[in-house]
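Analysis of the macromolecular model
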Amino acid sequence: MRDNKWRIVCYVNQFFGQIGGEEMAGVGFSVKDQAIGPAMLFQKLLGEECEVVGTIICGDNYFAENTEAAAREGVKLAAAMSPDLFIAGPAFNAGRYGISCGNMAAAIGRELQIPTITGMYPENPAVDIFRKDTYIVKTAILSSQLRKAAPIMAGIGLRILRGEPIGSAEQEGYIKRDIILNEEQELNAADRAIEMVLKKIKGEPFKSELLPPHFDEVKPALPVSDLSRVRLALVSDGGVIPEHNPDHLKPNGSTAWGKYNWDELIAGKHFVIHSGYDGTWVLENPNRLFPVDILRSYEEQGKLGYLDPEVHVACGNCASVSASKEKGERIALALLDKGIQAAILTST
Amino acid sequence: MQLTVETVRINDLQFGERTYFDNGVLYVNKTDILAFAEEEPCFDTLKIDITRPGDSTRIINVVDVVQPRCKVSGNIDWPGVLSDDYEIAGSGITRAVEGMGIVLCQNNTYWSRKWGSFDMSGECAEINPYAKIPELVIEPLTNGEVDFRDYREGVRRIGYKTSVMLAKATMTVAAVESETFSNEVQYPYLPSIAYSYQIYSKQYDTQNYREPMVYGNAAPDSLPLIMQPTEILDGAISLCGGFRCVTTYEIQNHPIIVELMRRHGKDLNFTGVLITVTSVEAKHRYLVSKMAAGLLKEVLHADGLIVTKGVGGASTLCVGAIAGEAEKLGIKSVPIIQILNGKSNLDVECLISEQNVDSIVCSGTYYHNFVLPPVETLLGGPEDALYLSGDDGVIGGHKIATGEPAKGQVNSTYMKQVGLMSQIGFSYGMALDY
């Protein structure tokens, strides 16, 4: 048992803060130096080791009208109470309340470097925005289910404070935070596979450990109508870069990319940073990765309007889908900036 | 084909005046192993150490772990690797020594990019089978520049020769256990299961060196082969590269083949093994997957299939394609795959996109990270060696070394810890969303 109790700060909206209903949603921030509403339940659940030192209350509309400013205001109020743990909501399926709980938990976690927890119905629109920034415990739609969600929220909070491990999203009941970790199982993968295939043959129920994803359908752009007038650029995930690696690409899991003048890249010292393929053949002739030689001859013959002298290089090895999307968006913006109308993407 | 594996168990491993087995202790005379280095012109000598469970020891630059085994009857040892004589492996009696491993290190060349290591104590050791047995660690020392091909194959020969020698040293005592593996008699009324084993991908080979994995031969663009399961347990497939999340020890004790054999005739019928390699071109992948599915159905008459892969994304696409084609022919298929990164969620990171492959085992994410404390003893490299991450090595002809001193606190990953993640199902981990 520690000498001092851990300091807990809670956040609720005007309704749970007992100020009023929708008619009071425009009310600004206030702080009570005690547990109000759901915070009283959290105090009970967290027990002797913790003390709810304050409850921050804010109207749903006040927060939603300027979320950034409101979050800043809320962080300041929380910081003044030096919390060890911050608990927001739970917000259930309430949209604006979800946004304020998510913003508060994310901002306080980031600014004060303390653990934060909230709770929401999985389809609350705030879930997708904030699930990576805080523990969002899954709740039912209605606030009458507070007594089901609160013990889960308090349990996670207490174990984080004690430095105890938190299990997987499914096991604990929170929404996945985009962290993948391994857990040792009773059976090795070989035995699990044999069990699974036998069940599948017999038509018995089984649980697949992964399922094929449903990727976004990308609608292809319209074809280039006149190649002789188009401004074309080259993009690749093949990772041929200058030796000094100015953009800090990594051999795998890289989130960075760079654009390099082709002639300077090839004339200078360069290498293939991608560690998922044998770069020997690209180094022998880099046109195998970026078909600049052919495209320049097209340009000279007037078959191609313009070839961007810069190539755009990423490293695709072990890249996550979300990181790739982000890289793609940034590269696309850079191409638009240069007035590029078409791009050829080569992969390895 | 019928293979009997007889087992002796050792309680301890120690250096001795000569190599012999007595009262549960296997004594190893270093000179006997050093003699193997004399047959390898690229090595000056070898550094040989013993480390035990619980030691504050980190072994780096690990390329393989081997179990001591030798042929007692039936075939020669490691045909095509230790001899130019060719025999088809997998018959007769093989002696296996349980309770130790031979760890092979590759310390002075960057020509392998998937560096392996493991600690004999601590967080990772608790879940690592190789940290639970004494290990004989062999590190070749060279004099100057050595061709990496000679180096790799030299390390493999020394490791396998040591394995044979140590197993032979136990022949003075009778085996404590023996198990016979055979699927010659088929039980077609039971669910018939086949195994599709992707042994190799050339995407990780450098300088056009093709790992000679099938009886000492390279098989870079091989089409599917049918091989007897006992062949694989007995020396047909041998690794010769950087660590890629499978060891010779795991192949010698191949968990899928051993378990299917044990249950053969009881609750399933083990129909056979198909060997494939990763296709690096789509055209090859289409052919391999369709050909594999056809062989599984028409030749092996499989109702069900387990498919395993080598390291990497392209390899996953290939096993997904095989499983997808097999499912189209009515063969229930379970691939074992991994997740290639850690900052995402399982809904989007499964690299198999065939929607009819809805029964998948996941043996973990590569990037479950560990921070490991400093150790007293470092093996497998010089005292001042760096702990190279998966990002280090010779990449595209360029040497990258960003690692921390290996003896100190290091950042490691699940994939880099030899013993934690096995492509062929030897390991216990599973990836979960957090």
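Computed from a predicted structure; not experimentally measured. (Residues numbered from 1 in each chain as written. Chains lettered and ligands numbered in written order. Predicted model: local features only at pLDDT ≥ 70, side-chain atom pairs only at ≥ 80, totals over all residues.)

Here we take up the interface of chain B and chain A. Taken together, the 67 residues of chain B in the interface contact 52 residues of chain A. Mapped by element, the contributors of at least two residues to the side of chain B that touches chain A are helix 5 (255-263), strand 18 (304-308), strand 19 (332-339), helix 8 (346-349), strand 20 (361-365) and strand 28 (429-433) of chain B. Pairing of strand 7 (residues 180-184) of chain A with strand 28 of chain B involves five bridges; the strand directions are antiparallel. When the bridges of strand 28 of chain B are listed, Asn182(A) appears paired with Ala431(B). (Contact = placed C-beta atoms within 7 Å. Helix = DSSP H or I, 4+ residues; strand = E, 2+ residues; numbered from the N terminus. Pairing = 2+ DSSP bridges.)

Turning our eyes to something else, we now look at the environment of Gly80(B). All names here are of chain B. Structurally, the position occupied by glycine 80 is in the loop between strand 7 (69-73) and strand 8 (92-98). Linking glycine 80 and glycine 235, residues 155 residues apart in sequence, is a C-alpha distance of 9.4 Å. Leave out the neighbours within four places in its chain, and glycine 80 touches Tyr86, Tyr215, Gly216 and Asn217.

Here we come to helix 7 (residues 313-328) of chain B. Residue and element names in this part refer to chain B. A rise of 1.5 Å per residue sets the reference length of helix 7, with its 16 residues, at 22 Å; its end C-alpha atoms lie 23 Å apart and thus fit the reference within 8%. The buried count for helix 7 comes to 15 of 16 residues, which makes it a mostly enclosed element. Of the residues trailing helix 7, glycine 330 is marked for its positive phi of about 90°. (Expected span 1.5 Å × (residues − 1). Buried ≥ 20, exposed ≤ 12 C-beta atoms within 10 Å, placed from the backbone.)

As a further point, take the domain arrangement of chain B. Residue and element names in this part refer to chain B. By domain assignment, chain B separates into domain 1 (2-178 + 377-397) and domain 2 (187-365). Summarising the inter-unit geometry, the C-alpha centres of domain 1 and domain 2 are found 26 Å apart. Taken residue by residue, the interface counts 31 residues in domain 1 and 26 residues in domain 2. For the side of domain 1 that touches domain 2, the secondary-structure elements that each account for two or more residues are strand 6 (57-66) and helix 2 (148-169). (Domains from an automatic or database assignment.)

Ala193(A) and Leu296(B) are the most contacted members of the largest nonpolar core, which has 202 residues in total. If sequence neighbours within four positions are ignored, Ala193(A) has contacts with Ile256(B), Ile306(B), Val334(B), Ile336(B), Val361(B) and Gly425(B). (Core = buried A, V, L, I, M, F, W, Y, C linked by C-beta atoms within 7 Å.)

So, about the pairing of strand 20 of chain B. Residues and elements named next belong to chain B. Across the five residues of strand 20, five count as buried, placing the element largely inside the fold. The pairing of strand 19 with strand 20 spans three bridges and is classified as parallel. Paired with isoleucine 337 across the bridge in strand 20 is cysteine 362.

Right, let's get into the environment of Ala431(B). Considering the arrangement of structural elements, one finds Ala431(B) in strand 28. Sequence separation between Ala431(B) and Ser192(B) is 239 residues, and the spatial gap between their C-alpha atoms is 29 Å. Leave out the neighbours within four places in its chain, and Ala431(B) touches Ile180(A), Asn182(A), Ile339(B), Leu346(B), Cys362(B), Gly364(B) and Thr365(B).

Looking at the assigned domains, one finds that chain A contains domain 1 (6-172) and domain 2 (227-346). For domain 1 of chain A and domain 2 of chain A, the distance between their C-alpha centres works out to 45 Å.

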